[in-house]
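Reading the structure
Now for the letters of each chain:
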Amino acid sequence: MDLPVDVIMVVSEMEPFGNLLEILKKQVCKQLQLMGICIKSHCQSDEFHVPVPHHFKLRDSGGQFVTVLYPYGIDEQLLISVRESLHTELGLPTDRPCLKRANVFKFPEDQTNDGYLTNTHIGISASGVSGGELFVVQGTYTYHHYMQDRFNDDKWGCAYRSLQTLVSWFRHQGYTDHPVPSHSDIQQALVDMGDKEARFVGSRQWIGSTEVSYCLDHMLGVSSKILFVNTGAELGSKGRELAMHFQHQGTPIMIGGGVLAHTILGVDFNDVTGDLKFLILDPHYTGAEDLKIIQDKGWCGWKGPDFWDKTAYYNLCMPQRPHMI
């Protein structure tokens, strides 16, 4: 049996070079011992599962690295008790995934170019709200917008693209391995659950926040809170509710009003003055995956309350984190 030994060494830059080989030997021997325990724990009759090292960088532990061995080929659901023990031992939250395979730390050589940009808000200039406090999306998402995937959805697919960004967030955080749905997948799901008639599939009909919430529930088992406002002007008074969402849920929000949909990634909110700006990810972008253009041209950027149409009503789909590890 070939064992995929893979260890991380975190050493002080002052550590003498001559000591590194000995430290590495100890780490390898320790991992081999743990691999033996893992093989015995998950041995089924005469079937052996190769233990595979997975490296995680724990945000809740000051960026500390931890390596966990999972047996190859065993489903995540069968490893819940293992993760529960590790979460308790490491003092990790017991209501969200931190050690699922999807949560592994991606080193530079592990990065894959799948054609999508991730976390396009990082590096954006300050909002300008005096005395404001930032409340933004927690974790990783991918930016989905018009004309991607060689599919022309210009002028009708904005809510579909926002939904794709929401699903990507749940994938990146390890809540699901459901693929990011195509437009036809979304349409078929709405037909399957009885919300739309069969002719909806293949059409260019819009969807809204309610349909987005239906799809999240149907595809991922994720429930959503729907926040309704009568006019765009009313959104300027929702800073506290949105701040609470990003603080406690941390999920991106899909907002639909009139004929447009956007994704809200955060708010900068002054609780005393009520001043507020929204961090918006705009699915109406039709250009290339150029982060500089996207940020410089405001396709991902801060918008004031006057960004919203004062004559339109809005529904906000605010996905809730499932309690799971």
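Everything below is about the structure shown above.
Cut-offs used in this document
- Within each chain, residue numbers correspond to sequence positions counted from 1 in written order.
- In keeping with the predicted nature of the model, local features appear solely for residues at pLDDT of at least 70, side-chain atom pairs appear and are counted solely at 80 or more, and the whole-chain, interface and lining totals rest on all residues.
- The side-chain figures draw on all heavy atoms in the structure; neither hydrogens nor water molecules are used.
- Where helices and strands are cited, they refer to DSSP runs of H or I of at least four residues and of E of at least two residues respectively, numbered from the N terminus.
- Relative accessibility under 20% of the residue-type maximum defines a buried residue, over 50% an exposed one, and the middle range a partly exposed one, all with a 1.4 Å probe and only protein chains included.
- The Shrake-Rupley method, run with a 1.4 Å probe sphere, supplies the accessible areas, and residue values consider only the shown protein chains as cover.
- Definition used in this section: a nonpolar core is a set of buried Ala, Val, Leu, Ile, Met, Phe, Trp, Tyr and Cys residues joined via side-chain atoms within 4.5 Å.
- Working rule for contacts: check all heavy atoms of both residues, and any pair within 4.5 Å makes them a contact.
- By disulfide we mean two sulfur atoms from cysteines, separated by a distance within 2.5 Å.
- Think of it this way: DSSP has to see at least two bridges between two strands before they count as a pair.
- Multiplying one less than the number of residues by 1.5 Å gives the expected span of a helix.
- Where helices are involved, their axes are fitted lines through C-alpha atoms of the stretch in contact, as for all axes, and angles between N-to-C directions lie from 0 to 180°.
- Small angles under 35 degrees read as roughly parallel and large ones over 145 as roughly antiparallel, with 65 to 115 read as roughly perpendicular and the rest as oblique.
- Note on residue classes: Ala, Val, Leu, Ile, Met, Phe, Trp, Tyr, Cys and Pro are nonpolar, Asp, Glu, Lys and Arg are charged, and everything else, Gly too, is polar.
- To count toward a patch, a residue needs a relative accessible area over 30% and no salt bridge; like charges are then connected within 9 Å, while nonpolar side chains (Val, Leu, Ile, Met, Phe, Trp, Tyr) are connected within 5 Å.
- The rule for a salt bridge is simple: a side-chain nitrogen of Lys or Arg has to be within 4 Å of a carboxyl oxygen of Asp or Glu.

If you tally the helices and strands in the protein chain, you get 7 helices and 9 strands. Taking the principal axes of its C-alpha atoms as reference, the protein chain extends roughly 70 × 50 × 35 Å. Here the protein chain, with 325 residues, has 43% of them falling under the buried criterion. With an accessible surface of roughly 17,100 Å², the protein chain has 52% of that area assigned to carbon and sulfur atoms.

Within the largest apolar cluster, 37 residues are counted, with the highest numbers of intra-cluster contacts made by I186, I207, V212 and L216. Put simply, the parts of the chain that give this core at least two residues each are α3 (158-172), α4 (183-192), α5 (209-220), β6 (260-269), β7 (276-281) and β8 (300-303). A per-element tally of this core places α3 first, with 8 residues. Discounting residues that sit within four places of it in the chain, L216 has contacts with L163, L166, V167, G221, V222, S224, C317 and P319.

Here we take up the state of the cysteines. Taken as a whole and judged by the stated rule, the model has 0 disulfides. With no disulfide of its own, C215 has C317 as its nearest cysteine by sulfur position, at a separation of 9.7 Å. According to the relative accessible area criterion, C215 is buried, its value standing at 1%.

Quick look at the pairing of strand β1 (residues 51-58) now. Of all 8 residues in β1, 6 are buried, a share of seventy percent or more. Bridge analysis of β1 against strand β2 (residues 64-71) gives 8 bridges, and the strand direction is antiparallel. Along β2, the bridge assignment pairs P53 with L69.

What follows deals with α5. With 12 residues, α5 extends 16 Å from end C-alpha to end C-alpha; this agrees with the ideal 16 Å at 1.5 Å per step. Trailing α5 by a residue or two, G221 shows a phi angle of about 75 degrees, which is positive.

Let us look at the packing of α3 against α4. One can describe the packing of α3 onto α4 by two numbers: an axis separation of 10 Å at closest approach and a directional angle of 95 degrees. Relative to α4, α3 is oriented roughly perpendicular. Along the contact surface, α3 presents Y160, R161, L163 and Q164, while α4 presents H183, I186 and Q187. Class assignment of the residues belonging to the contact of α3 with α4 gives a composition of 3 nonpolar, 3 polar and 1 charged.

Another aspect to go through is the pairing of β6. β6 sits mainly inside the fold: 9 of its 10 residues count as buried. Looking at chain direction, strand β3 (residues 133-136) and β6 are connected through 4 bridges and run antiparallel. Residue pairing for β6: L134 is matched across the bridge by D268. Note that strand β5 (residues 253-257) and β6 share 5 bridges and pair antiparallel. In the sheet register, I253 faces β6, and the bridge partner there is I264. Note: β6 against β7, 6 bridges, orientation antiparallel. Among the inter-strand pairings, T263 is bridged to a residue of β7, identified as L281. Hairpin remark: β6 followed by β7, antiparallel, with 6 residues in the connecting loop; positive phi at G274, about 85 degrees.

This part takes up the packing of α4 against α5. Contact geometry of α4 with α5 gives a least axis separation of 10 Å together with a crossing angle of 85 degrees. Taken together, the axes of α4 and α5 are roughly perpendicular relative to one another. Residues D185, I186, A189, L190 and D192 of α4 touch α5, and the partners they reach there are E211, Y214, C215, H218 and M219. Its residues assigned to classes, the contact of α4 with α5 shows 6 nonpolar, 1 polar and 3 charged.

A surface patch of nonpolar side chains, about 460 Å² in accessible area, is lined by M1, L3, V5, L32 and F48. Among the secondary structure elements, F48 is positioned in the loop between α1 (20-41) and β1. A residue is classified by how much of its surface remains accessible, and F48, at 48% relative accessible area, is partly exposed.

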